[in-house]
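Residues per chain, in single letters:
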Amino acid sequence: MTEQLSLIEYPCDFPIKIMGKAQQDFTQVALAIVKYHAPDFDTTTMAVRASKSGTYLSITCTIHATSRSQLDALYQALSEHPMVAVVL
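Residues numbered from 1 in each chain as written. Predicted model: local features only at pLDDT ≥ 70, side-chain atom pairs only at ≥ 80, totals over all residues. Heavy atoms only, no water.

**Student:** Please clarify how the pairing of strand β3 (residues 56–65) should be interpreted in this entry.
**Tutor:** Where a strand is regular, its side chains alternate between the two sheet faces. In terms of strand pairing, strand β1 (residues 12–21) meets β3 through ten bridges, oriented antiparallel. What sits directly across from methionine 19, in β3, is serine 58. (Pairing = 2+ DSSP bridges. Helix = DSSP H or I, 4+ residues; strand = E, 2+ residues; numbered from the N terminus.)

Written as structure tokens, this is what we have:
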């Protein structure tokens, strides 16, 4: 199998948007997954926004991505979590 070329040059700062229902631990769960895959993530840069109705939360984390495999693993872990609805 051949390695696919990436349009992203690593290392780079890469924003990830995580969306899910506004549940009590949603932000902490998402942050724990991000920190596991990007231990150097600065939590003070995390942006959290609620939907107009307050039903959903949108979390933006800009990580310092070092490789495609790191991003793939992070996206997969976030997407598989039951509290996460969408990862962009």
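**Student:** I tried to follow helix α1 (residues 26–37) on my own but got confused; where do I start?
**Tutor:** Each full turn of the α-helix corresponds to 3.6 residues, which orients residues three or four apart in the same direction. Between the first and last C-alpha of α1 there are 17 Å, a value that for twelve residues agrees with the 16 Å anticipated at 1.5 Å per step. As for α1, its buried residues are in contact with β1, β2 (47–50), β3 and α2 (68–80). (Expected span 1.5 Å × (residues − 1). Contact = heavy atoms within 4.5 Å.)

**Student:** When you look at the sheet that holds β1 in this model, what are you seeing that I'm missing?
**Tutor:** Pairing between the strands of a sheet comes from backbone hydrogen bonds, and it takes one of two forms, parallel or antiparallel. With respect to topology, four strands assemble into an open sheet ordered β2-β3-β1-β4, the strand pairing being antiparallel. Each having just a single partner strand, β2 and β4 (86–87) make up the two edges of the open sheet. The sheet contacts of α1 involve β1, β2 and β3, and relative to β3 the element is tilted by about 15 degrees. Each of β1, β3 and β4 touches α2; the most contacted strand, β1, lies at about 5 degrees to it. (Axes fitted to C-alpha atoms, helices over the stretch in contact; angles between N-to-C directions.)

**Student:** Before we go on, may I ask you to explain the packing of α1 against α2 in this structure?
**Tutor:** Packed helix pairs are specified by the crossing angle of their axes together with the interaxial distance, meaning the distance between the axes. Between α1 and α2, the least distance of the axes is 10 Å, while the angle of their chain directions is 160 degrees. Accordingly, the angle class assigned to the pair α1 and α2 is roughly antiparallel. At the point where α1 passes α2, the crossing takes the right-handed sense. Between α1, through Ala30, Ile33, Val34 and His37, and α2, the contact on the second element is made entirely by Gln70, Ala73, Leu74, Ala77 and Leu78. The residue makeup of the contact of α1 with α2, split by class, is seven nonpolar, two polar and no charged. (Parallel < 35°, antiparallel > 145°, perpendicular 65-115°, else oblique. Left-handed = near helix turned anticlockwise from the far one by under 90°. Nonpolar A, V, L, I, M, F, W, Y, C, P; charged D, E, K, R; others polar.)

**Student:** Is there a simple way to think about unusual backbone geometry in this case?
**Tutor:** Note on backbone geometry: most residues besides glycine have negative phi, and most peptide bonds are trans. Omega for the peptide link from tyrosine 10 to proline 11 comes to -5 degrees, which places this bond in the cis form. Among the secondary structure elements, proline 11 is positioned in the segment before β1.

**Student:** What exactly am I supposed to notice about the pattern of salt bridges here?
**Tutor:** Between side chains of opposite charge, a pair can form as their charged atoms come close. Applying the stated criterion across every chain yields a total of one salt bridge. Here aspartate 72 makes a salt bridge to arginine 68, at a shortest N to O gap of 3.6 Å. One end of the pair is aspartate 72 and the other is arginine 68, both in helix α2 and four residues apart, which spans about a single turn. (Salt bridge = Lys/Arg side-chain N within 4 Å of Asp/Glu carboxyl O.)

**Student:** Can you help me understand the nonpolar core in this one?
**Tutor:** Generally speaking, a soluble globular protein has its nonpolar side chains buried in company with each other. Of all hydrophobic cores here, the largest spans 22 residues; its most connected members are Ile16, Ile18 and Ile63. Counting residues per element, the ones that place at least two in this core are β1, α1, β3 and α2. Ignoring anything within four residues of it in the chain, the contact list for isoleucine 16 reads Ile59, Thr60, Cys61, Ile63, Leu71, Leu74, Tyr75, Leu78, Val87 and Leu88. (Core = buried A, V, L, I, M, F, W, Y, C linked by side-chain atoms within 4.5 Å. Buried < 20%, exposed > 50% of the residue type's maximum accessible area, 1.4 Å probe, protein only.)

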